[in-house]
Amino acid sequence: MDHITCNKYWWRNILYINNWYPFNEMCMIWSWYLANDMQLYVVAIILLVLSMRFMKTSVFLLALITLCSWITSIYFSILHNYSYKVAEPFGSFDILYDKPWQRITPYIMGMLTGYIIYFKKTPPKVSGIVNLLLWITSVSIIFGLIFGVWDGQLSVPATAVYVSLGHTDNCFLRKCCPIIYTSIFYIFVARSTGDQTFETCF
């Protein structure tokens, strides 16, 4: 397939816009992720530069983009009457799977994590039991997201919720929550003690 599509559509990959075109027209199908990354990097750079002078505006835009991502994913999911099936993970490829509005929320969670680490002046007080509960919650959520629909398919409304919030929940609750608290704690330990061992781990 690539020997046909790449001869015709190679320029889309050069411009990093190939994820905006149909699956059957893609040169090197896996490269949709490179296009997504480039597009989201550009958005992230603009927001980071903006935050240097207009922090509140930048945070507002992050929240607005997150909300728009959820709404757009729900809209396209319902518009195409999409029903998620475990056996067909790429069933939504052209409408959702490779699109930036579906993938941007994990980037936003990462940016918020960076903001917290950079601007937080005092280490958070996180007890061992809270840290343990966060990790247990994370493991439970990953099992729920992966195996919760293993036996069949979701209804159209349930799919709309799943595809809109799935990446955000996956990133924030499974990864960011425990890692934010744990990494921030160790970074502050490193900064306060002068020990670079902890900080280089994160």
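Each residue is numbered by its place in its chain's sequence as written, counting from 1. Two thresholds apply to this predicted model, a pLDDT of at least 70 for residue-level local features and 80 or more for giving and counting side-chain atom pairs, whereas whole-chain, interface and lining totals are computed over all residues. Hydrogens and waters are ignored; side-chain quantities use all the structure's heavy atoms.

## Things to note about the side chain of S69
Turning to its location among the elements, S69 is positioned in helix 3 (residues 55-79). There is a polar contact of 2.4 Å between the side chain of S69 and the backbone oxygen of W101. Two residues form a contact once any of their heavy atoms are found within 4.5 Å. Residues contacting S69, with those up to four places away along its chain left out, are W101, I104 and T105. Starting at the N terminus, helices and strands are each numbered in turn, a helix being any DSSP run of H or I of at least four residues and a strand any DSSP run of E of at least two. Think of a polar contact as two N or O atoms within 3.5 Å of one another; within protein, one of them needs to be a possible hydrogen donor and the other a possible acceptor, and neighboring residues in sequence only count if both atoms come from side chains.

## What about the packing of helix 3 against helix 5 (residues 100-119)?
At a minimum axis distance of 9 Å, the contact between helix 3 and helix 5 shows a crossing angle of 155°. Considering their axes alone, helix 3 and helix 5 lie roughly antiparallel with respect to each other. The handedness of the crossing between helix 3 and helix 5 is left-handed. Residue-level inspection shows M55, S58, L62, I65, T66, S69, W70, T72, S73 and F76 of helix 3 in contact with helix 5, the latter providing W101, Q102, I104, T105, I108, M111, L112, Y115 and F119. For this scheme, ten residues count as nonpolar: Ala, Val, Leu, Ile, Met, Phe, Trp, Tyr, Cys and Pro. Four count as charged, namely Asp, Glu, Lys and Arg, and the remainder, Gly too, count as polar. Here the contact of helix 3 with helix 5 is built from residues that sort into twelve nonpolar, seven polar and no charged. Helix axes are fitted only over the stretch in contact, all axes being lines through C-alpha atoms; the angle between N-to-C directions runs from 0 to 180 degrees. Small angles under 35 degrees read as roughly parallel and large ones over 145 as roughly antiparallel, with 65 to 115 read as roughly perpendicular and the rest as oblique. For a crossing to be left-handed, the near helix must be turned anticlockwise from the far one by less than a right angle; the clockwise case is right-handed.

## Quick look at helix 3
To estimate how far a helix should reach, multiply one less than its number of residues by 1.5 Å. Taking 1.5 Å as the rise per residue, helix 3 with 25 residues should run 36 Å; its terminal C-alpha atoms sit 36 Å apart, in good agreement. Burial classification: accessible surface area is computed with a 1.4 Å probe over protein chains only, and a residue below 20% of its type maximum counts as buried, one above 50% as exposed, and the rest as partly exposed. Among the residues of helix 3, those classed as buried are S58, L62, T66, S69, S73 and S77. Just downstream of helix 3, N81 is the residue with a positive phi angle, here 55°.

## Some words on the packing of helix 2 (residues 32-51) against helix 3
Following both chains from N to C, one finds helix 2 and helix 3 inclined at 150°, their axes separated by 7 Å at the closest point. As the angle between them shows, helix 2 and helix 3 are arranged roughly antiparallel. Here helix 2 contributes V43, L47, L50 and S51 to the contact with helix 3, which in turn contributes M55, T57, S58, L61, L62 and I65. The class makeup of the residues in the contact of helix 2 with helix 3 is seven nonpolar, three polar and no charged.

## Overview of the UniProt feature "transmembrane region" (unreviewed entry) in the chain
When the UniProt feature table is mapped to this numbering, "transmembrane region" (unreviewed entry) covers residues 30-52, 59-80, 100-118 and 130-150. Annotation note: span residues 30-52, helix share 87%, strand share 0%, distance between end C-alpha atoms 35 Å. UniProt positions are given in the numbering used here, feature names are shortened, and annotations may be inferred rather than shown by experiment.

## Remarks on the packing of aromatic side chains
Each pair of aromatic rings is reported with the distance of its centres and the angle of its planes. Ring geometry is summarised as follows: Phe, Tyr and Trp rings, the Trp one being its six-membered ring, pair when their centres sit within 6.5 Å, and such pairs are stacked at plane angles under 30 degrees, edge-to-face over 60 and tilted between the two. Across all of its chains, the model carries ten aromatic pairs by this definition. Where W20 meets W101, the ring centres are 5.5 Å apart and the plane angle is 65°; that geometry is what we call edge-to-face. Of this pair, W20 sits in the loop between helix 1 (2-14) and helix 2 while W101 sits in helix 5, and the two are 81 residues apart along the sequence. Residue classification places W20 among the partly exposed positions, given a relative accessible area of 44%.

## Things to note about the state of the cysteines
For this text, the term disulfide refers to a pair of cysteine sulfurs within 2.5 Å. For the coordinates displayed, the defined rule picks out one disulfide. C6 shares a disulfide with C27; S-S distance 2.0 Å. Across the disulfide from C6 to C27, rotation about the S-S bond amounts to roughly 90°, and the bridge is consequently right-handed. You can see C6 sitting in helix 1 and its partner C27 sitting in the loop between helix 1 and helix 2, a full 21 residues away along the chain.

## Focus on the nonpolar core
With nine residues, the main nonpolar core is built from L40, A44, L47, L62, I104, I108, M109, M111 and Y115. For this core, the element with the most residues is helix 5, which contributes five residues. Counting seven residues, the second largest nonpolar core, distinct from the first, contains Y84, I95, L154 and V163. Residue types Ala, Val, Leu, Ile, Met, Phe, Trp, Tyr and Cys, when buried and joined through side-chain atoms within 4.5 Å, form a set referred to as a nonpolar core.

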